[in-house]
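Structural characterization, general
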Amino acid sequence: MKIVLPPGYTNQLQTQENTEKAIKLVKDMFQVNLSAQLTLLRVTAPMVVLSGTGLNDELNGVERPVTFPIKDMGDSRAEVVHSLAKWKRWKLAELKTPPGRGLYTDMNALRPDEELDNIHSIYVDQWDWEKVITKEERTHAFLLRIVRRIYEAIKVTENRLYVEFPQLVPQLPDEIFFIHSQDLLDMYPTMTPKEREDAITKQYGAVFIIGIGCILSDGTLHDSRAADYDDWSTQTQPGRLGLNGDILLWNPILQCAFEISSMGIRVDEEAMRLQLQERGQEYKSGLMFHKALLSGELPYTIGGGIGQSRLCMFLLRKAHIGEVQASIWPQEMIDKCSAAEIIFA
């Protein structure tokens, strides 16, 4: 268990009732703006998927999903989703959604292997979104254009929140800064990936780090990504392509880079083969999702997840995600936070 207790912290919204009102405003406002920016339809999403289909998100490849048997389905087992990264693409194929349109949904997940701290909980809630694109749109320039639209939706929400709660003064910069993970390593070669994130995000306020998952010049990864959804491969420009990334905002309460979203242009057939091979996971080619993608049955897409509690925590100037989310916490953490005026929901 890790915990940061910011000195002199106070709840700027003063009461839990004000906090709950502000949470609703953020969630209502942001999803309307996200849908308008990206032309997305809201859909209903599953909390569980069948094991062995390849539909669940494996995140960094080591987290265990919550699994259980299904009484009326013989030997079948289900698992609670980690996210809907691959399910969304499958759903878009079922809906026959044309390029230029997409979907978003409220995703609720359980991640029991999370190390609990100020920003990590075993309960994850995010807006999962996915948009159909053409093969020609699978470019670096298109990725950056979509990131700017998402960032605009965040800024509009921040400004509206200021109208209702004047104590929450807007702090985001006008533009988001883009940098490739290799360039970030070149700038700060002696720092860890987290230290590099803190340094660049403190400087610019809002940053999109490109190429999460690709191998850097020192043989390391900035951070790991599953091989079968985001396209971080080096198929055309070794070490420099990267069609995915993370949106980071500088958090003045915690004094660190604060990840709001992980997103990217999804793998096509070639990138899927290369990335599975690079990770030694060629066996996945026989799973339902992977077979469909490799045979050209799924659309080209771009998508990602945007943390709901994370966004609320950031915009409402909270020190702990437990202030905006009902979850389970160690009693020691609850007691330490309470003594520091950090009151959980």
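Residues numbered from 1 in each chain as written. Predicted model: local features only at pLDDT ≥ 70, side-chain atom pairs only at ≥ 80, totals over all residues. Heavy atoms only, no water.

Looking at an unreviewed UniProt entry, one finds the protein named Asparagine synthetase and attributed to Blattamonas nauphoetae.

Inspection of every chain in the model, using the stated rule, returns 5 aromatic pairs. Ring centres of Phe-30 and Trp-127 lie 4.8 Å apart, and the angle between their planes is 50°; on these two criteria the pair is classed as tilted. Of this pair, Phe-30 sits in helix H1 (residues 16-38) while Trp-127 sits in strand S6 (residues 123-132); the two residues are 97 residues apart in sequence, bridging distant segments of the chain. We note that Phe-30, like Trp-127, is buried. Above the plane of the ring of Phe-314 lies Arg-317, whose end atom (NZ or CZ) is 5.8 Å from the centre. (Phe/Tyr/Trp six-rings, centres within 6.5 Å; stacked < 30°, edge-to-face > 60°. Helix = DSSP H or I, 4+ residues; strand = E, 2+ residues; numbered from the N terminus. Buried < 20%, exposed > 50% of the residue type's maximum accessible area, 1.4 Å probe, protein only. Lys NZ or Arg CZ within 6 Å of the ring centre and 35° of its normal.)

Following the sequence through the fold, Thr-97 ends up in the loop between helix H2 (87-95) and strand S5 (102-110). Not counting chain neighbours up to four residues away, the residues in contact with Thr-97 comprise Leu-92, Gly-102 and Val-132. (Contact = heavy atoms within 4.5 Å.)

Attention shifts here to the sheet that holds strand S3 (residues 67-69). One key point about sheets: their strands pair by backbone hydrogen bonds, in either a parallel or an antiparallel sense. One open sheet holds the 3 strands; their spatial order is S2-S4-S3, and the pairing between them is antiparallel. Strand pairing shows two members of the sheet lacking a second neighbour, strand S2 (48-50) and S3, which therefore form its edges. Direction aside, neighbouring strands of the sheet carry axes that sit 30° apart on average. In this structure, S3 lies alongside strand S4 (residues 77-80), joined through 3 bridges in antiparallel fashion. Within the sheet, the bridge partner assigned to Thr-67 lies in S4 and is Glu-79. (Pairing = 2+ DSSP bridges. Axes fitted to C-alpha atoms, helices over the stretch in contact; angles between N-to-C directions.)

Side chains on a regular strand alternate between the two faces of the sheet. Pairing between S2 and S4: 3 bridges, direction antiparallel. Along S4, the bridge assignment pairs Leu-50 with Ala-78.

The next thing to look at is the sheet that holds strand S11 (residues 301-307). Spatially, the 8 strands line up as an open sheet ordered S1-S5-S6-S11-S10-S9-S8-S7, and their pairing is mixed. The open sheet is flanked by strand S1 (40-42) and strand S7 (177-180), the only strands paired with a single partner. The mean inter-strand angle of the sheet, taken between neighbouring strand axes irrespective of direction, is 25°. Inspection of the sheet shows S6 paired to S11 by 7 bridges, in the antiparallel sense. By the bridge assignment for S11, Gln-126 is matched with Gly-307. Packing against the sheet, H1 makes contact with S1, S5, S6 and S11, and its axis sits at approximately 20° to S6.

On to unusual backbone geometry, then. One non-glycine residue, Thr-39, lies in the positive phi region at around 60°. Topologically, Thr-39 is positioned in the loop between H1 and S1. Overall, the relative accessible area of 33% leaves Thr-39 in the partly exposed class. With phi around 60°, Arg-317 is a residue other than glycine that occupies positive phi space. The residue Arg-317 is located in the loop between helix H8 (308-315) and helix H9 (331-339) in this model. We classify Arg-317 as buried; its relative accessible area is 5%.

The subject of this paragraph is the nonpolar core. One finds Trp-129, Ile-150, Leu-161, Phe-208, Met-263, Ile-302 and Leu-316 to be the most contacted residues of the largest nonpolar core, which totals 60 residues. The leading source of residues in this core is helix H3 (residues 140-164), at 10 residues. In this structure, Leu-185, Ala-271, Phe-289 and Leu-294 belong to the second largest nonpolar core, which totals 15 residues. (Core = buried A, V, L, I, M, F, W, Y, C linked by side-chain atoms within 4.5 Å.)

Over its 23 residues, H1 runs 33 Å from end to end, which matches the ideal 33 Å to within 8%, given 1.5 Å per residue. All of the buried residues along H1 are Thr-19, Ala-22, Ile-23, Leu-25, Val-26, Phe-30, Gln-31, Asn-33, Leu-34, Ser-35 and Leu-38. Remark: Thr-39 follows H1 within two positions and exhibits a positive phi of approximately 60°. (Expected span 1.5 Å × (residues − 1).)

Now for the environment of Ile-209. Structurally, Ile-209 can be placed in strand S8 (residues 206-210). Residues Ile-209 and Ala-226, spaced 17 residues apart in sequence, show a C-alpha to C-alpha distance of 17 Å. Excluding residues within four positions of it along the chain, Ile-209 makes contact with Ile-179, Ser-181, Leu-184, Glu-197, His-222, Asn-244, Gly-245, Asp-246 and Leu-248.

Topologically, Arg-196 is positioned in helix H5 (residues 193-204). Not counting the four nearest positions on each side in its chain, Arg-196 is found in contact with Leu-184, Leu-185, Tyr-188, Met-191, Leu-216 and His-222.

What follows deals with the pattern of salt bridges. Counted according to the given criterion, the structure contains 21 salt bridges. Where Asp-268 meets Arg-138, a salt bridge forms, and the shortest distance between an N and an O atom there is 3.2 Å. Separated by 130 residues along the polypeptide, Asp-268 in the loop between strand S10 (256-265) and helix H6 (269-278) and Arg-138 in the loop between S6 and H3 bring together distant segments of the chain. Across the pair, Arg-138 and Asp-268 agree in class, each one buried. When the shortest N-O distance is used, the salt bridge between Arg-317 and Glu-158 registers 3.5 Å. Here Arg-317 is found in the loop between H8 and H9, whereas its partner Glu-158 is found in helix H3, with 159 residues between them in sequence. Taken individually, Arg-317 and Glu-158 each receive the classification buried, so the pair is uniform in this respect. (Salt bridge = Lys/Arg side-chain N within 4 Å of Asp/Glu carboxyl O.)

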